[in-house]
Amino acid sequence: MTPKMPVDVHPSPPSGPAAATRRRPGLATPATAHLFNARNSADYAAQMLQGVTAVAGKVSRSTRPFTGATPAELKSRVDGVDLDSPLADTAAALTELEDVYLRDAVYFHDTKYAAHLNCPVVIPALVAEAVLSAVNSSMDTWDQSAGATMIERRLITWAAGELQLGAAADGVFTSGGSQSNFQALLLARNQAVEWLKLDPENDGLRLPSLLEKLRIFTSADSHFSIEKSASMLGLGYDAVVAVPCGPDHRMDPQALAGELARARKVGLVPMAIVATAGTTDFGAIDPLADLAAAAREHGAWFHVDAAYGGGLMVSGRHGHLLAGIDQADSVTVDFHKTFFQPVSSSALLVRDAATLRHVTYHADYLNPAAAVDRPNQVDKSIQTTRRFDALKLWLTLRIMGADAIGDLFDDAIDLALDVGGILATDPEFELAATPQLSTLVFRYRPLNQDGSRLSEDTADRLNQDIRSAVFASGEAVVAGTRVAGRHYLKFTLLNAEAGVEDIRGILELLRTTGASLLAAAEVSV
Ligand SMILES: *Cc1c(COP(=O)(O)O)cnc(C)c1O
């Protein structure tokens, strides 16, 4: 038998150079001076002002969305910071931050930022960010949030009311559209399993064989988080049936009917039909009422991913586009897209509050079943500790009002329609589809010297190179995507401050960049 080694329960502190430099003598401020509390409240206000002033100054002086800094440059600057040597001084740290972040960040307020679904943010929501992070309420339980819980609940009721989801509606704030979609499909899966177990013909089947049969029907243009969710739910990507779209990129209800019939014939179970209200590339809104009817007919959960189009609920001019959303079993809304809120702020809304039981778990330390008299939001969420993101929307509604938010989105949609008109008549650009919300998918494809069309392959390479060159210049930021295997450029317009002339300026930049790339290629051939 080998003798047991004595167990040292209190190992001696490590020695050596690393340990020695951890304690830096000479720092005047005690650690407790950094705590946000009554004694330090004046310091808190002064330091917040320093941070806010740095950003305000930065934004007031910025003239383009990006500097073009490369990953290598930024890595070396960030790596150059000695994390073992605190500066102890907010002003000094902010100066350093200018170097490692602020100068080279990508700024969404700039009118030449027209890439992804990031929005310029509204000031009332920024005020809320300061408040909510300082108070630091956590939304899981009443005893960590109190009034915050009531504000979140009121906003859920408000949003569900705007969408007319009915008197039994409920929901919860989430970290983003991907999480909202995941939770929606989790509820849908568990509803399907419950329903199947109640079905006498299927009684006795065990879970895995049930899951094997479940299918999610969504358009070929829907967001990738649907497939990712299916995988995380134990169903796999294969459980997602990609239903073809028409030329307008909206799901074809005829094709859906065909896919549903085909699945039923071989004994598969339609677990959910997922409509998109505003696809990420084309802003297409599926025919919601038709899809709702199909879901009802087949006993499937009807989820609407309105991560992008959700802002239409407060639109004065385009709200009709959401017709039919009132029939959804669940809806994803990203306030951090078309409500001009800072990341993160999203919600999952459900028609029937009772379906949220699928994410309810009673933990003795947190929300014991006996404490039913307390409104504990953790009962409705897949998160535990959770930010009070709802406060941003609250202050936005209380200061600006919903109509003003709707105006900001409407302006972006109208701008996209105008730019669509410009692109449609410009012989050097090809528009992939008529804009439906605030995105435009297009490519630069001028004629060759001899009047022939630029080949598909050349256009492919050229448009990718244009996007990279423009990003590197920092003059503008545009996105890219693929349509039928070919590379296109994409504008996502969410900035009500941008006018047609701003976007025309980006188009000219794309054109001159493309022309000089083509000229350079000719020289090098
Ligand atoms: C952006 C988007 C998502 C994902 O939302 P996140 O907030 O980025 O997680 C889902 N669906 C659609 C249609 C989107 O545009």
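Every value quoted in this text rests on a predicted model; they were computed, and no experiment measured them.

## Considerations on the packing of helix 2 (residues 41-61) against helix 4 (residues 90-102)
Relative to each other, helix 2 and helix 4 sit at 35°, their axes nearing to 10 Å. The handedness of the crossing between helix 2 and helix 4 is right-handed. Contact residues: Gln47, Gln50, Gly51, Ala54 and Lys58 in helix 2; Thr90, Ala91, Leu94, Glu98 and Leu102 in helix 4.

## Here we look at the sheet that holds strand 3 (residues 214-219)
Backbone-to-backbone hydrogen bonds pair the strands of a sheet. The strands run either parallel or antiparallel. The seven strands are arranged 2-8-7-6-5-3-4 in an open sheet whose pairing can be described as mixed. One side of each edge strand has no neighbouring strand; the edge strands of this open sheet are strand 2 (170-174) and strand 4 (240-243). Averaged over neighbouring strand pairs, the angle between their axes works out to 20° when direction is ignored. Pairing geometry for strand 3 and strand 5 (residues 269-276), over five bridges, is parallel. When the bridges of strand 5 are listed, Arg215 appears paired with Pro270.

## Points about empty space enclosed by the protein
Taken as a whole, this structure holds one cavity of 30 Å³ or more when the rule is applied. A volume near 70 Å³ is recorded for the largest cavity. Lining the largest cavity are 14 residues, with Tyr113, Thr492, Leu493, Leu494 and Asn495 sitting closest to its centre. The residue makeup of the lining of the largest cavity, split by class, is nine nonpolar, five polar and no charged.

## Observations concerning the pattern of salt bridges
A full pass over the atoms with the stated rule returns 31 salt bridges. Notably, a salt bridge pairs Arg250 with Asp248, separated by 3.9 Å at the nearest N-O pair. Residue classification places Arg250 among the partly exposed residues on the basis of a relative accessible area of 30%. Between Asp457 and Arg486 there is a salt bridge, and its shortest N-O distance comes to 2.9 Å. Of this pair, Asp457 sits in helix 15 (residues 456-473) while Arg486 sits in strand 12 (residues 486-492), and the two are 29 residues apart along the sequence. You can call Asp457 partly exposed: its relative accessible area is 47%.

## Concerning the site of the ligand
Taken together, 14 residues surround the ligand, and among them Gly177, Ser178, Asp305, Asp334 and Lys337 come closest. With respect to the ligand, the side chain of Thr280 contributes an N or O atom lying 3.1 Å from an oxygen atom. Interatomic distance of 2.6 Å between a side-chain N/O atom of Asp305 and a nitrogen atom of the ligand. Notes on the ligand: free accessible area 380 Å², of which the protein chains cover 85%. At the level of elements, helix 7 (177-198) and helix 12 (335-338) are the ones that each hand at least two residues to the shell around the ligand. Among the residues making up the shell around the ligand, the classes are represented as two nonpolar, nine polar and three charged.

Here is what the cut-offs are and how they apply
Residues numbered from 1 in each chain as written. Predicted model: local features only at pLDDT ≥ 70, side-chain atom pairs only at ≥ 80, totals over all residues. Heavy atoms only, no water. Axes fitted to C-alpha atoms, helices over the stretch in contact; angles between N-to-C directions. Helix = DSSP H or I, 4+ residues; strand = E, 2+ residues; numbered from the N terminus. Left-handed = near helix turned anticlockwise from the far one by under 90°. Contact = heavy atoms within 4.5 Å. Pairing = 2+ DSSP bridges. 1 Å grid on protein atoms, 1.4 Å probe; cavity = no way out; pocket = protein on both sides within 12 Å on 5 of 7 lines; lining within 4 Å. Points joined across faces, edges and corners; volume = space filled by probe spheres on them. Nonpolar A, V, L, I, M, F, W, Y, C, P; charged D, E, K, R; others polar. Salt bridge = Lys/Arg side-chain N within 4 Å of Asp/Glu carboxyl O. Buried < 20%, exposed > 50% of the residue type's maximum accessible area, 1.4 Å probe, protein only. Near = heavy atom within 4 Å. Polar contact = N/O pair within 3.5 Å; in protein donor to acceptor, adjacent residues only side chain to side chain. Areas by Shrake-Rupley, 256 points an atom, 1.4 Å probe, with all protein chains shown as cover.

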